[in-house]
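Fold and contact review
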Amino acid sequence: MTRIQTGVRLPMENKTVVVVDGDDASPEVMIPTVNILESMGLPITFQRPLIGQQAIDVGGNGFPDEARKAIDNSDATFFGSTSGASTAALFYLRWGKQTYANVRPCLWTPGYKSPLANPAGIDFTIIRENLEDLYLGLEGDIEELQALNLYSKHARTPLSDLSPGKYAVKAITEAGSERVIRFAFEQARKRNAKKRLTVTCKYNMLSTSDGLFLEIANSIAKEYPDIEYDHYIVDDFLCRMIVNPQHFDVIVMPNLYGDIMSDGAAGLLGGLGLAPSGCYGQDYAYFESAHGTAPDIAGKNVINPTATLLSAAMLLEHLSFHSQAKNLVNAVQRVYATGKVLTPDQGGNSGTTDFSDAVSEELSIHPE
């Protein structure tokens with residue numbers, strides 16, 4: 001498990017966590033996971049303000065002021081996957097709280113149904129810039145840009161020669177790049193692993209935008225002589241990640257690449273059902289599994305709760321409940337090691353509640 005430390009916190013100080021159960025199949029993993037957290041007897045108060053469809057049904061607003069205030073007054077948020085109704089809350093957690101670093105651990109555990117012949121030793125973390133790049137949502141009709149008289153340096157033609165279509169603006173800033181790259185170097189320094197940091201983006205073709213990201217990383221790397229540093233063009237990185245994933249430790253990249261590559265990394269382990277995630281800002285963080293709402297299996301009690309449980313462990317780590325976070329991860333790993341209670345995506349025939357109950361039982365047998 002990746003340990004993220006964004007500030008000094010007192011372990012037994014009472015904490016408040018906002019819980020958003022999410023949509024479709026998401027509540028099926030969120031509810032038992034929070035039940036497990038509550039059973040651990042920690043000084044954490046879990047709050048569920050009305051957000052999403054429930055809030056719309058009551059007052060017509062999916063993200064009312066009361067929910068925003070609850071988030072502002074909390075220590076962190078535990079967020080279930082959304083299919084739309086609670087998107088406003090998610091956007092507030094990201095851009096409103098400026099959670100600029102999306103951390104996605106990739107750790108193989110015995111029992112995971114990996115497609116690789118030898119997944120042992122895979123233990124790296126992708127850190128994705130979370131606020132910029134194409135995710136700013138600056139899109140529109142190409143005709144809107146024609147007054148700018150833009151000229152393609154690659155196609156060697158003016159923008160006015162293009163047929164009607166759509167555009168999207170990619171923005172890479174100095175400040176946004178520096179803070180997430182520095183965050184990544186600090187995590188490489190803290191991890192008890194290889195102490196290696198890799199940067200990847202498309203700096204050969206996008207020499208101005210992605211080139212800036214690499215330029216900043218090259219500069220910051222000089223401040224961390226204890227960290228081995230390398231960089232790859234993103235398509236080259238993808239090949240290397242598949243062929244030799246054990247090489248990597250911490251990888252940092254712009255937003256879009258990070259979203260895609262981290263999902264690919266989950267595939268190396270055995271699927272998105274195994275992929276936890278945490279988003280960190282200067283003074284706030286929220287946690288969610290990397291997978292979506294899985295509407296095709298909603299109500300079937302087969303969605304894998306592993307990603308949600310491991311995201312919960314990252315939440316506990318962030319709140320400085322370090323030993324309890326480790327206990328939760330160990331309990332999940334013991335369930336996989338026995339292989340008796342696994343969900344269908346991992347080759348088993350057990351349900352979501354069966355797996356969650358097995359983790360809860362492991363915690364009761366091995367509380368420390």
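These notes cover the structure that comes with them.

Focus on the packing of aromatic side chains
A complete count under the given rule lists 12 aromatic pairs for this structure. Arranged with centres 6.0 Å apart and planes meeting at 85°, the rings of Y100 and F183 form a pair that is edge-to-face. Taken as a pair, Y100 in the loop between α4 (87-96) and β4 (101-107) and F183 in helix α5 (residues 174-190) lie far apart in primary sequence, 83 residues in all. Note on F183: relative accessible area 8%, which makes it buried. On the numbers, 6.1 Å between centres and 35° between planes, the contact of F183 with Y280 is tilted. On the criterion of sequence distance, the pair formed by F183 in helix α5 and Y280 in strand β11 (residues 278-280) is long-range, its members being 97 residues apart. For the pair F183 and Y280, a shared accessibility class is recorded, and that class is buried. Joined through ring pairs, the aromatic side chains of Y100, F183, Y280 and F287 make up one cluster. Here the basic side chain of R68 rests over the ring of Y92, its NZ or CZ set 4.7 Å away from the ring centre. Positioned over the ring face of Y135 is R128, at 5.0 Å from the centre of the ring.

A few points about empty space enclosed by the protein
One pass over the full model with this rule turns up two cavities of 30 Å³ or more. The computed volume of the second largest cavity comes to approximately 70 Å³. Taken together, R104, P105, C106, S262, D263, A265, A266, L269, L272, A275, P276 and A290 make up the full set of residues lining the second largest cavity. Contributions of two or more residues to the lining of the second largest cavity are made by β4 and α8 (255-269). Broken down by element, the lining of the second largest cavity gets its largest block of residues, five residues, from α8. Considered class by class, the residues forming the lining of the second largest cavity number nine nonpolar, one polar and two charged.

A few points about unusual backbone geometry
Phi is positive for D24, close to 55°, though the residue is something other than glycine. Assignment of secondary structure puts D24 in the loop between β1 (15-20) and α1 (26-39). Even without being a glycine, K195 presents a positive backbone phi close to 55°. Its place among the elements puts K195 in the loop between α5 and β8 (196-201). In this structure K195 comes out as partly exposed when scored by relative accessible area, which is 29%.

Quick look at the sheet that holds β4
The strand order across the open sheet formed by 10 strands is β2-β1-β3-β12-β11-β4-β5-β10-β8-β9, and the pairing between neighbours is mixed. Edge positions in the open sheet fall to β2 (44-47) and β9 (228-233), since each of these has one partner strand only. Put simply, the sheet's adjacent strands are angled 25° from each other on average, direction ignored. One ladder, built from six bridges, connects β8 with β9; its direction is parallel. Its bridge partner lying in β9, T200 is registered against Y232. Running at roughly 165° to strand β5 (residues 123-129), α5 makes contact with β4, β5, β8, β9, β10 (250-253) and β11 of the sheet.

Some remarks on the pattern of salt bridges
Summed over all chains, the structure comprises 17 salt bridges. For R104, the salt bridge is made with D259, and the minimal N-O distance between the two is 3.7 Å. Residue R104 is found in strand β4, and its partner D259 is found in helix α8; the two are separated by 155 residues along the sequence. You'll find R104 and D259 in the same group, each marked buried.

Some words on the pairing of β8
The buried fraction of β8 amounts to six of the six residues, a majority that puts the element mostly inside the structure. After leaving β8, the chain enters helix α6 (residues 209-221) and then returns to the sheet as β9, a path that is right-handed. Two elements, β8 and β10, share three bridges in a ladder whose sense is parallel. If you follow T198 over to β10, its bridge partner there is I251.

Some remarks on the environment of H247
By the secondary structure assignment, H247 is in the loop between α7 (234-243) and β10. Along the sequence, H247 and K194 sit 53 residues apart, while their C-alpha atoms lie 8.6 Å from each other. Every residue in contact with H247, bar those within four places of it in the chain, is listed here: K194, R196, D230 and Y232.

Considerations on the layout of surface pockets
Of the pockets and cavities examined, the largest pocket occupies roughly 620 Å³. Contributing to the lining of the largest pocket are 20 residues, with L150, Y151, S152, A168 and L206 lying nearest its centre.

Here we look at α6
With 13 residues, α6 ought to run about 18 Å at 1.5 Å a step, and its terminal C-alpha atoms sit 19 Å apart, in line with that. Most of α6 sits out of view: 10 of its 13 residues are buried. All buried positions along α6 are accounted for by S209, D210, G211, L212, F213, L214, I216, A217, I220 and A221. As for α6, its buried residues are in contact with α5, β8, β9, β10 and α8.

Looking at the nonpolar core
Residues F78, F124 and L328 are the most contacted members of the largest nonpolar core, which totals 81 residues. The contact partners of F124, leaving out residues within four places of it in the chain, are R104, P105, C106, R191, M241, P245, F248, D249, I251, A265 and L268. Of all hydrophobic cores here, the second largest spans 15 residues; its members include V18, F63, C279 and Y286.

Calculation criteria
Residues numbered from 1 in each chain as written. Predicted model: local features only at pLDDT ≥ 70, side-chain atom pairs only at ≥ 80, totals over all residues. Heavy atoms only, no water. Phe/Tyr/Trp six-rings, centres within 6.5 Å; stacked < 30°, edge-to-face > 60°. Helix = DSSP H or I, 4+ residues; strand = E, 2+ residues; numbered from the N terminus. Buried < 20%, exposed > 50% of the residue type's maximum accessible area, 1.4 Å probe, protein only. Lys NZ or Arg CZ within 6 Å of the ring centre and 35° of its normal. 1 Å grid on protein atoms, 1.4 Å probe; cavity = no way out; pocket = protein on both sides within 12 Å on 5 of 7 lines; lining within 4 Å. Points joined across faces, edges and corners; volume = space filled by probe spheres on them. Nonpolar A, V, L, I, M, F, W, Y, C, P; charged D, E, K, R; others polar. Pairing = 2+ DSSP bridges. Axes fitted to C-alpha atoms, helices over the stretch in contact; angles between N-to-C directions. Contact = heavy atoms within 4.5 Å. Salt bridge = Lys/Arg side-chain N within 4 Å of Asp/Glu carboxyl O. Right-handed = clockwise from strand over helix to strand, strands pointing away. Expected span 1.5 Å × (residues − 1). Core = buried A, V, L, I, M, F, W, Y, C linked by side-chain atoms within 4.5 Å.

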